[in-house]
Amino acid sequence: MLEIAEEREVEVSQSSFAFGETRLRFESADRTWLSYLDRRYQRFSISPGNESFVVSFEPTSLPLPPNLVSRLAAHLEAVHCEPVENGYRVTTETSQCEIDLRSRRAILRGPSALYPLDNVLRHLLPLLWEEGLIVHSALVADDAESGVLACGPSGAGKSTIARLARGRALSDELAAVKLEERQTIGVALPFWESRPGRARLRAVLHLGHGASHRLERLLPEEALRRLVTQVLWPVWDEPAMARSFAYLTELAETVPAFDLSFAPTGDVWDFIDKEVS
Amino acid sequence: MGLRRAAHVAWRRVGDETVLIHLRNKKIFVLNPSGGFLWHGLDGARGTEEFLESLTLDHPIPEGASGRIDSFLENLREADLVDAEGAPDEETPSLPEYPLPAFVPPELVWQEELRNFGLSCIFLSGDELCNSGPSL
């Protein structure tokens, strides 16, 4: 009986999700932790198989940070990332993750909450997304082929502009950008309000609030300066930094960029669609 | 012996400006067109005088141009964007045409420290805007 009980203790469950074209499998004996992932990433859930990377989570008994709003909430901790054999070790005050790029596995240890994974994903995703950039942006599709990336820091209006798109929004917080057959493609990544999808980018909008709608074309060099602060830079990895830089300059030069001041009214997308054809 | 572009710096011209990224200290820099012209010629062989001699301008070179170039090169050195060590390149590439009709002081016009979380709500807390997601 004891042996059976021990086997049950280590029974590992799995959930798989697609972050753009990067398919990740998460494993843990902590089913409650996996349920947090299912809640946040449910629209990006995929059938098991063909995952390109596996993250195993092992809960620790460390107390949760006192200011954590919920086990699903974000919580930024100072992150130390150091190279180790075949990968990186990502360490925070309450968690540690060993990323092995050769075996395509990571082992994450921390309190049973989502924020330790958040802190790892912000390091892992730019590494795994080798053909482009991860950008802090909303992604709104015009139709099956065309879309707009709307960038800006928290409070700039990403969620508002996504909500006003009335069902055309693919993501309101994070999107991946890649080059594909000389086209720049935006790919939705999961956050609170997002769904899987991709679109050829016809414009990048840099958001700001205003009393009315106003659009101003940016030069490529101006667009680049605005984009720089919205990229998840793989700052611990020089080759990945060089790669991201190349994609960033390509994005700034090839996709028309605009400063958009907008009022949160229902006609904003009519305005954008008319001005940005 | 002149300065040369450091190996840990990637760079590209974007529009009229030249953008550099220091791959080790996680900073990005932007040079004005005049600065980009000089950057292109930093091959270990050229110094301030060689740069001045290479300029083809519609207007005379103003007094103080040499000092402005020296100052610019010093700024690049302080930012660890150039190396002073090592022999010049075996083949000195020709410089592009100076992009302006008159001398404009070369400048490092913008810089930004790069971060890996992009100011995203998904990685920040303590901001009401960032805590609006579902809670258990």
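What counts, and where the lines are drawn
- Residues numbered from 1 in each chain as written.
- Chains lettered and ligands numbered in written order.
- Predicted model: local features only at pLDDT ≥ 70, side-chain atom pairs only at ≥ 80, totals over all residues.
- Helix = DSSP H or I, 4+ residues; strand = E, 2+ residues; numbered from the N terminus.
- Rg over C-alpha atoms; globule rule 2.2 N^0.38 Å.
- Buried ≥ 20, exposed ≤ 12 C-beta atoms within 10 Å, placed from the backbone.
- Contact = placed C-beta atoms within 7 Å.
- Domains from an automatic or database assignment.
- Pairing = 2+ DSSP bridges.
- Axes fitted to C-alpha atoms, helices over the stretch in contact; angles between N-to-C directions.
- Parallel < 35°, antiparallel > 145°, perpendicular 65-115°, else oblique.
- Left-handed = near helix turned anticlockwise from the far one by under 90°.
- Nonpolar A, V, L, I, M, F, W, Y, C, P; charged D, E, K, R; others polar.
- Expected span 1.5 Å × (residues − 1).
- Core = buried A, V, L, I, M, F, W, Y, C linked by C-beta atoms within 7 Å.

A. Quick peek at the overall build of chain A. Along its length, chain A carries 7 helices and 15 strands. What you see for chain A is a C-alpha radius of gyration of 20 Å, in line with the 19 Å of a compact globule of 277 residues. Considered along the principal axes of its C-alpha atoms, chain A spans approximately 70 × 40 × 35 Å. When the 277 residues of chain A are sorted by exposure, 46% land in the buried category. Residue pairs at least 24 apart in sequence account for 64% of intrachain contacts in chain A once pairs closer than 6 positions are excluded.

B. Structural context of the domain arrangement of chain A. Residues and elements named next belong to chain A. According to the domain assignment, chain A consists of domain 1 (2-128) and domain 2 (132-275). Here domain 1 and domain 2 have C-alpha centroids that lie 27 Å from each other. At the level of secondary structure, the elements contributing two or more residues to the side of domain 1 that touches domain 2 comprise strand S1 (13-19), helix H2 (31-41) and helix H3 (115-128). At 4 residues, the largest contribution of residues to the side of domain 1 that touches domain 2 is made by H3.

C. A look at the sheet that holds strand S2 (residues 9-14) of chain B. Here 4 strands make up an open sheet; going across it, the order is S2-S3-S4-S6 (chain B) and the pairing antiparallel. Two strands close off the open sheet at either side, each with one partner strand: S2 and strand S6 (108-113) of chain B. Within this sheet the neighbouring strands show an average axis-to-axis angle of 20°, counted without direction. Where helix H5 (residues 220-228) of chain A meets the sheet, its contacts fall on S2, strand S3 (17-22), strand S4 (27-31) and S6 of chain B, and the angle it forms with S2 of chain B comes to roughly 140°.

D. View of the packing of H5 of chain A against helix H6 (residues 238-254) of chain A. Residues and elements named next belong to chain A. Contact pair H5 / H6: the axes reach a minimum separation of 8 Å and the direction vectors enclose 135°. Considering the angle they form, H5 stands oblique to H6. The hand of the H5/H6 crossing is right-handed. Between H5 and H6, the contacting residues are Pro220, Ala223, Leu224 and Leu227 on the first element and Leu248, Thr249, Leu251, Ala252 and Glu253 on the second. Classifying every residue of the contact of H5 with H6 by side-chain character gives 7 nonpolar, 1 polar and 1 charged.

E. Expanded view of H3 of chain A. The terminal C-alpha atoms of H3 of chain A lie 19 Å apart, and with 14 residues this matches the ideal 20 Å at 1.5 Å per residue to within 8%. A large share of H3 of chain A lies buried, amounting to 13 of its 14 residues.

F. Focus on the pairing of strand S12 (residues 183-188) of chain A. Residues and elements named next belong to chain A. Burial runs high along S12: 5 of the 6 residues are buried. Where strand S11 (residues 174-180) lies against S12, 6 bridges are found, and the strand directions are antiparallel. Of the residues in S12, the one forming a bridge with Lys178 is Ile185. Here S11 folds back onto S12, and the loop between the two strands holds 2 residues, one of which, Glu181, carries a positive phi near 50°.

G. How the structure looks around the sheet that holds strand S2 (residues 22-28) of chain A. Residue and element names in this part refer to chain A. The 7 strands are arranged S1-S2-S3-S7-S6-S5-S4 in an open sheet whose pairing can be described as mixed. The open sheet has two free edges, formed respectively by S1 and strand S4 (80-84), since each of these has just one partner strand. Across the sheet, the mean angle from the axis of one strand to that of its neighbour is 20°, orientation sign disregarded. Bridging between S1 and S2 involves 7 bridges; their strand directions are antiparallel. Within the sheet, the bridge partner assigned to Gln14 lies in S2 and is Glu27. Docked against the sheet, H2 engages S1, S2 and strand S3 (53-59), running at close to 25° with respect to S1. Most of the contacts of H3 go to strand S7 (residues 105-110), to which it runs at about 160°, and overall it touches S1, S2, S3, S4, strand S5 (87-91), strand S6 (96-100) and S7.

H. How the structure looks around the pairing of strand S13 (residues 198-209) of chain A. All names here are of chain A. Relative to S13, strand S9 (residues 146-151) runs parallel, the two sharing 6 bridges. Each bridged residue has a counterpart across the sheet, and for Gly147 the counterpart in S13 is Leu201. Examined bridge by bridge, S12 and S13 share 3 bridges and lie antiparallel to one another. Directly across from Gly186, in S13, lies its bridge partner Ala199. In the sheet, S13 pairs with strand S15 (residues 257-262) via 6 bridges, with the strands oriented parallel. Bridge pairing in S15 places Leu205 opposite Phe258.

I. Main features of the nonpolar core. All names here are of chain A. Val140, Leu149 and Ala175 are the most contacted members of the largest nonpolar core, which has 110 residues in total. Each of two domains, domain 1 (2-128) and domain 2 (132-275), supplies a minimum of three residues to this core. The residues contacting Ala175, other than those within four sequence positions of it, are Val135, Ser137, Leu139, Leu149, Gly186, Val187, Ala188 and Leu189.

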